[in-house]
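# Descriptive analysis of the structure
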Amino acid sequence: MADGLVGPRDNGRVRDSHGIDAIRYDWTRTEAQTLYDLPFADLMFRAQSAHRANFDPNHVETASLLSIKTGGCPEDCGYCSQSAHYDTGLKATKLMAQADVVATARRARDAGAARFCMAAAWRNPKERDLDEVCGMVSAVKELGMETCVTLGMLTGPQAARLREAGLDFYNHNVDTSPEFYDHIITTRTLQDRIDTLARVREAGIKVCCGGIIGMGEAVDDRLGMLVLLANLPDHPESVPINLWNEVKGVPVNDTAERPDPISLARLVAVARIMMPQSVVRLSAGRQYMTDELQALCFLAGANSIFIGDVLLTTKNPQAARDANLLDRLGMTSRLNRAPA
Ligand code: SAM
Ligand code: DTB
Ligand code: SF4
């Protein structure tokens, strides 16, 4: 826990001398469950208080995704269209050329994205591939965008090279709870992921780390995932909450169950309270959410979205629908209107 923020416990809360909830790294699953079970209005009030103490509650960050190398992945993540272990009908591609990536980034910027996230379906990058990606990062940075990449596991020197190239964020998700993890992925361990996250931090890159819900896990697993994230040595600056986007042919298809909308809003609120200074992204799965549910999630503390008609291989709401929703909610973003 950060110095100077340790205050008296009242009713399970730790507050600083100003009465603001302190940043904590010692969350228990029982505490997470207690928050989750609060009467909805009380939970929302706590989440809103945390949100307003740390962010402009009327602003939403916009990020855009590009799959720079699609499919043929050696990992067996049971939710993913890009794993070579499953027949999902997806055609594998080679790494894109830098000029094409930069042209796509420019279009995304002009369409309202503040951050550009480049994803590759690798277990880990080879050195030659990393050279290419470093070039892409520097070129996208020159467009005035924040940069993010997700390339699988990294060594320390690889993370350092990405930082030198100007990388702002590295996305690497824990995906689910420690208990459920082995039901979903067997080719890389949760500890492998945590080790990569530590190398990313060590290199001075900001961490984007979250997971997926709707794969058949219990509420306890969703909360276990949040506890895992909130008890990392530092909270990830960015926490993507993905609702599983349906993919035919993967094992998760047999277990998937879309969470009830209220439970999603509750989960976002718990994430906001436990990691009050992290940007919480309503990531994959917005295609299944009504405007009302998205509004509820923004109230619960979500303050980032992916924009653009596709994520990596699956659908995302149309930009015009997103802009319209943010307008109706009086929220600012690069997509509709800049913050005042
Ligand atoms: N291959 C890299 C890796 O896994 O580290 C990066 C790309 S991977 C697609 C990034 C994240 O997207 C995964 O960790 C997972 O959380 C999320 N994801 C993948 N497929 C998804 C799906 N069908 N629905 C929702 N989220 C998904
Ligand atoms: C994250 O947590 N969500 C994004 C990003 N990190 C790379 C990916 C979502 C992928 C959804 C499935 C697809 O489009 O293939
Ligand atoms: Fe590969 Fe990433 Fe998909 Fe896992 S989530 S199969 S590592 S692309």
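These numbers come from a predicted model, not from an experiment. (Residues numbered from 1 in each chain as written. Chains lettered and ligands numbered in written order. Predicted model: local features only at pLDDT ≥ 70, side-chain atom pairs only at ≥ 80, totals over all residues. Heavy atoms only, no water.)

## What to know about the environment of Met-215
- Mapped onto the secondary structure, Met-215 falls in the loop between strand S8 (211-213) and helix H8 (219-230).
- Judged by relative accessible area, Met-215 falls into the buried class, the value being 0%. (Helix = DSSP H or I, 4+ residues; strand = E, 2+ residues; numbered from the N terminus. Buried < 20%, exposed > 50% of the residue type's maximum accessible area, 1.4 Å probe, protein only.)

## Describing the site of ligand 2
- Residues in contact with ligand 2 amount to 13 residues; listed here are only the nearest, Asn-173, Asn-242, Leu-312, Thr-313 and Thr-314.
- Between ligand 2 and the protein, one listed contact pairs an oxygen atom with a side-chain N or O atom of Asn-173 at 2.8 Å.
- A distance of 2.6 Å is found between an oxygen atom of ligand 2 and a side-chain nitrogen or oxygen belonging to Thr-313.
- Contact with the protein chains removes 87% of the 410 Å² of surface that ligand 2 exposes when unbound.
- Taken together, the residues that form the shell around ligand 2 break down as six nonpolar, seven polar and no charged. (Near = heavy atom within 4 Å. Polar contact = N/O pair within 3.5 Å; in protein donor to acceptor, adjacent residues only side chain to side chain. Areas by Shrake-Rupley, 256 points an atom, 1.4 Å probe, with all protein chains shown as cover. Nonpolar A, V, L, I, M, F, W, Y, C, P; charged D, E, K, R; others polar.)

## Points about the packing of helix H10 (residues 291-300) against helix H11 (residues 319-328)
- Orientation of H10 relative to H11, taken along the N-to-C sense of each, is 60°, at an axis distance of 11 Å. On the basis of the axis angle, H10 is oblique to H11. For H10 against H11, the interelement crossing comes out right-handed. In this structure, H10 contributes Asp-291, Gln-294 and Phe-298 to the contact, and H11 contributes Arg-321, Asp-322, Leu-325, Leu-326 and Arg-328.
- In the contact of H10 with H11, the residues fall into three nonpolar, one polar and four charged. (Axes fitted to C-alpha atoms, helices over the stretch in contact; angles between N-to-C directions. Parallel < 35°, antiparallel > 145°, perpendicular 65-115°, else oblique. Left-handed = near helix turned anticlockwise from the far one by under 90°. Contact = heavy atoms within 4.5 Å.)

## Points about the side chain of Ser-238
- Within the fold, Ser-238 resides in strand S9 (residues 238-243).
- A polar side-chain atom of Ser-238 sits 3.2 Å from a polar atom in the side chain of Arg-281.
- Apart from residues lying up to four places away in sequence, Ser-238 is in contact with Arg-115, Phe-169, Val-207, Cys-208, Cys-209, Val-279 and Arg-281.

## Observations concerning H8
- The first and last C-alpha atoms of H8 sit 17 Å apart over 12 residues, in line with the 16 Å expected at 1.5 Å per residue.
- The buried fraction of H8 is high, at 10 of 12 residues.
- The secondary structure elements touched by the buried residues of H8 are helix H1 (29-36), helix H6 (178-184), helix H7 (190-202), S8, S9 and helix H9 (261-274). (Expected span 1.5 Å × (residues − 1).)

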